[in-house]
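Summary of structural features
Here are the chains, one letter per residue:
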Amino acid sequence: MTLEIFLTLLVVVLTLVAFLREWSSPDVLALSILCLLVALGLVGMGEMSVVFKNEAPLTIAALFVIGGALEKSGAVDQIGRLLQSKVNGGVRSSILVFTIVSAFFSAWMNNTAIVAILLPVVLGFARSKDIPASKLLIPLSYSSILGGCCTLIGTSTNLLVNGSLKDMGLEPMSMFAIAPVGVPLAIAGIAYMTIFGPKILSSRSSITGTLQIELRTLPLYHLLVGESSSLIGQKVFDTELASRDGGIHVLEVRRRGARVMLPLSEVTIEKNDRFLVAFHRRKRKALGAQELFGKLGVDELSQVDGIISELVIPAGSSLAGRSMARADFRQRYNCVVLAVHRDGQNITKKMSDLSLEAGDTLLVITATNNLPSLKATRDFVLTDEAKSDTEISEDKPVKKWPIFFSWAVLITVVLTVSVTDLLSRMNVGVPAIPIHYASMVGALALLWAKILTPRDAYASIDWQVLLMLYGLLGLGMAMQGTGTAQWLAGHLVNMASGFVSKEMLPFVLLWLVFLFTSLLTEVLSNNATAVMLVPIVVRLAEELGVDSRPFIMVVTIAASCAFMLPMGYQTHMMVFGPGGYRFSDYIKAGIPLNLMAWVITCTIVPFVWSF
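Each value, and the rule that gives it
Residues numbered from 1 in each chain as written. Predicted model: local features only at pLDDT ≥ 70, side-chain atom pairs only at ≥ 80, totals over all residues. Heavy atoms only, no water. Patch = residues over 30% accessible without salt bridge, like charges linked within 9 Å, V, L, I, M, F, W, Y side chains within 5 Å. Areas by Shrake-Rupley, 256 points an atom, 1.4 Å probe, with all protein chains shown as cover. Salt bridge = Lys/Arg side-chain N within 4 Å of Asp/Glu carboxyl O. Helix = DSSP H or I, 4+ residues; strand = E, 2+ residues; numbered from the N terminus. Buried < 20%, exposed > 50% of the residue type's maximum accessible area, 1.4 Å probe, protein only. Polar contact = N/O pair within 3.5 Å; in protein donor to acceptor, adjacent residues only side chain to side chain. Pairing = 2+ DSSP bridges. Contact = heavy atoms within 4.5 Å. Axes fitted to C-alpha atoms, helices over the stretch in contact; angles between N-to-C directions. Parallel < 35°, antiparallel > 145°, perpendicular 65-115°, else oblique. Left-handed = near helix turned anticlockwise from the far one by under 90°. Nonpolar A, V, L, I, M, F, W, Y, C, P; charged D, E, K, R; others polar. Phe/Tyr/Trp six-rings, centres within 6.5 Å; stacked < 30°, edge-to-face > 60°. Expected span 1.5 Å × (residues − 1). Bend = angle between axes of the 7 residues up to and from the residue. Core = buried A, V, L, I, M, F, W, Y, C linked by side-chain atoms within 4.5 Å.

Focus on a nonpolar patch on the surface
The grouping of Met567, Phe583, Ile587, Ile591 and Leu595 at the surface amounts to a nonpolar patch, some 420 Å² of accessible area in total. Turning to its location among the elements, Phe583 is positioned in helix H24 (residues 583–608). Accessibility expressed as a relative area gives 40% for Phe583, which makes it partly exposed.

So, the environment of Ser229
Tracing the sequence through the fold places Ser229 in the loop between strand S1 (217–225) and strand S2 (248–255). Owing to a relative accessible area of 7%, Ser229 belongs among the buried residues under this scheme. Once the C-alpha coordinates of Ser229 and Met532 are considered, the two residues, 303 residues apart in sequence, prove to be 67 Å apart. Separated by 3.1 Å, the side chain of Ser229 and the backbone nitrogen of Leu231 make a polar contact.

Here's the deal with the pairing of strand S4 (residues 274–279)
In terms of burial, S4 is largely enclosed, as five of its six residues are buried. Two strands pair when backbone bridges link them, and S1 and S4 are joined in this way by five bridges, in the antiparallel orientation. Bridging across to S4, Leu223 finds its partner in Phe275. The pairing of S2 with S4 spans six bridges and is antiparallel. Bridge pairing links Val253 to Phe275 in S4.

Considerations on the pairing of strand S6 (residues 335–342)
Remember that side chains alternate between the two faces of the sheet whenever the strand is regular. Counting buried positions along S6 yields eight of eight residues, so the element is predominantly enclosed. Where S6 and strand S8 (residues 361–367) come together, six bridges link them in antiparallel fashion. The residue bridging Cys335 from the neighbouring strand is Thr366, located in S8. Here three bridges tie S6 to strand S7 (residues 345–347), and the two strands are oriented antiparallel to one another. Note that in S7 the partner of Val340 across the bridge is Ile347.

What to know about the environment of Leu160
Mapped onto the secondary structure, Leu160 falls in helix H9 (residues 156–167). Since its relative accessible area comes to 1%, Leu160 is described here as buried. Through-space distance from the C-alpha of Leu160 to that of Thr59 is 9.5 Å; in sequence the pair is 101 residues apart. Aside from chain neighbours lying at most four places away, what touches Leu160 is Ala56, Leu469, Leu473, Asn527 and Val531.

Description of the packing of helix H4 (residues 55–73) against helix H15 (residues 401–425)
Taken N-terminus to C-terminus, the directions of H4 and H15 make an angle of 155°; their axes are 9 Å apart at the nearest point. One finds that H4 runs roughly antiparallel with respect to H15. The handedness of the crossing between H4 and H15 is left-handed. Side by side, H4 and H15 meet where Ile66, Ala69, Leu70 and Ser73 of the first sit next to Pro402, Ile403, Ser406, Trp407, Val409, Leu410 and Val413 of the second. Classifying every residue of the contact of H4 with H15 gives nine nonpolar, two polar and no charged.

A word on unusual backbone geometry
For Asp328, which is not glycine, the phi dihedral falls at a positive 50°. Relative to the helices and strands, Asp328 is located in the loop between strand S5 (298–312) and helix H13 (329–333). Of note in the backbone geometry, Lys450 takes a positive phi value of approximately 60° without being a glycine. Looking at where Lys450 falls in the secondary structure, it is placed in the loop between helix H16 (435–448) and helix H17 (454–460).

Concerning the pattern of salt bridges
The final tally for this structure, using the stated rule, is seven salt bridges. Of the charged contacts in the structure, one is a salt bridge between Glu252 and Arg259, with a shortest N-O distance of 3.4 Å. A residue is classified by how much of its surface remains accessible, and Arg259, at 26% relative accessible area, is partly exposed. Ionic pairing is found between Glu270 and Arg255, a salt bridge with its closest N-O pair at 3.6 Å.

Regarding the packing of aromatic side chains
Enumeration over the complete set of coordinates arrives at 14 aromatic pairs. Relative to Phe563, the ring of Tyr142 lies with its centre 5.2 Å away and its plane at 75°, an arrangement referred to as edge-to-face. On the criterion of sequence distance, the pair formed by Tyr142 in helix H8 (residues 134–148) and Phe563 in the loop between helix H22 (549–558) and helix H23 (570–576) is long-range, its members being 421 residues apart.

Points about helix H21 (residues 526–544)
Taking 1.5 Å of rise per residue, the 19 residues of H21 would be expected to cover 27 Å, and the 26 Å separating its terminal C-alpha atoms lies within 8% of that figure. Of all the bends in H21, the greatest reaches close to 30° and is centred on Leu533; the proline Pro535 follows between one and four positions later. Within H21, 17 of the 19 residues are buried, leaving the element largely enclosed by the surrounding structure. Two residues or fewer after H21 comes Gly545, characterised by a positive phi angle close to 75°.

With respect to the side chain of Thr99
In this structure, Thr99 sits in helix H6 (residues 91–106). The exposure class assigned to Thr99 is buried, which follows from its relative accessible area of 1%. Within the structure, Thr99 has its side chain in polar contact with the backbone oxygen of Ile95 (distance 2.6 Å).

Considerations on the nonpolar core
If you look at the biggest cluster of nonpolar residues, it comprises 148 residues, and the most contacted ones within it are Leu137, Ile153 and Phe551. It is H21 that provides the largest number of residues to this core, a total of twelve residues. Look past the residues within four positions of Leu137 in its chain and what remains in contact with it is Leu119, Val122, Leu123, Val575, Pro578, Gly579 and Tyr581. Membership of the second largest hydrophobic core comes to 22 residues, among which are Tyr221, Phe275, Phe293 and Val298.

Such coordinate-based values are descriptive only and should not be taken to indicate function.
This is the structure:
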């Protein structure tokens, strides 16, 4: 072992620990690892810029824009509403329909976006059909992962592996290269969830159910502090308007037409102040709204519709790692938090100083017309549909052409890449158009057609993912350039050859590679797992004297097969709170699916890509 190999392995271990312990956000960790590799001389100063020439992040950014157009145009929402009205309400038929839709769309769009779009649809459907949401949400998350295993653009991992292959001078993957494995795997997974899901998945309540809140809608009152009000001159916290124990919640304070952006503890009430308050009382002994208003000397100006809703904090939210007090939550988002759901527990005390985490579910009171604004922040995944003014209504029909045009762009990108790749392989003189160029042209077409504004396009891109990919690519370069991948592969082959015959060695190692990749991706980012293992399996194949393609495909599929832990995939954390799940629910449902993916993938791969 050389010093370079030792240092590279040390950085790999550091990377694993940093991601597992969540020392910082994934993008900060990945870029820090890249800088560390350069500082240690494992990646040259000049080679550092090569990382940013990789086409995978560019492709992913363009596909995020196309996915954003499909989301904004309402293409997926329309299908969700259609399903809500057409599905009969049986548990198995509901699982079947929603998993098929989730898997199909995830083959072409980012699976996190698909789950975010379908989550309120599924929850609304579950409420209307009196089905426990816990029976539907884990299948929704699982099927979005399985759908991503069917095409090159299904997940960022697939594109990242493809970019790594090009960097290593290997033949890149075509659009449907992994479909021979991904499609059977998706079909088997959907069948498993449809047949066994109703029995395996427990009937659990979400945070709304566990807090025994019967009515999810309630009026919000606009109040005016009159000249004779007893409130004038008092701190808001010293009055009954801030009596959370009495079920009264202040959402907003306005003074001279402008919102007061101070914490309620610092606001002294003045004449003509306006308040937006909610009454959420489970104890009926307290005064009613009208009696309290008369007692306090405030006038009711109007009422607006309010809703008790659940907001899920996704990875990448600006709230992750911050407390509600530091984030000025009430002032910033126009809602008040009743409880925080984390790890199966409901936190209702001392919430303002609680550091929020990705996967937390917040039970909030807000105005119904505030939901679109909450969605636009991208700090939350909504569990209730946010209907904007441009959405479907009886008075204003939805525009069809943005939906058709958005789908046409995506289909054109897929066909262009697939057909030109096929024709180039047939040597008919047609050059293959790379996916990064086709997707970029498609994104620009949407901008020229004004389906999206440039601001919308930038907002639709998950920049954290892109920066993380750039940082991780440096780790792959170090493993290959320092000979670490070859060193690890050689030791693995030597160790295994003592127990297995030479003829069976590639097959045995193929199964072991899938198992190791699948276990690693449960606790580590799937992108980080793929970047680290692709160079190793390529060198492993060279040591065995066989084609590397079977091993590459196994790593690509296995890096997405994280089903048994809630932290294994971002979509799992998105449904964790709304489904009222416990850690054991994922283990019980996910282990059989992991084993099924292991058997199906390692059985099919050698037949499609021979050694």
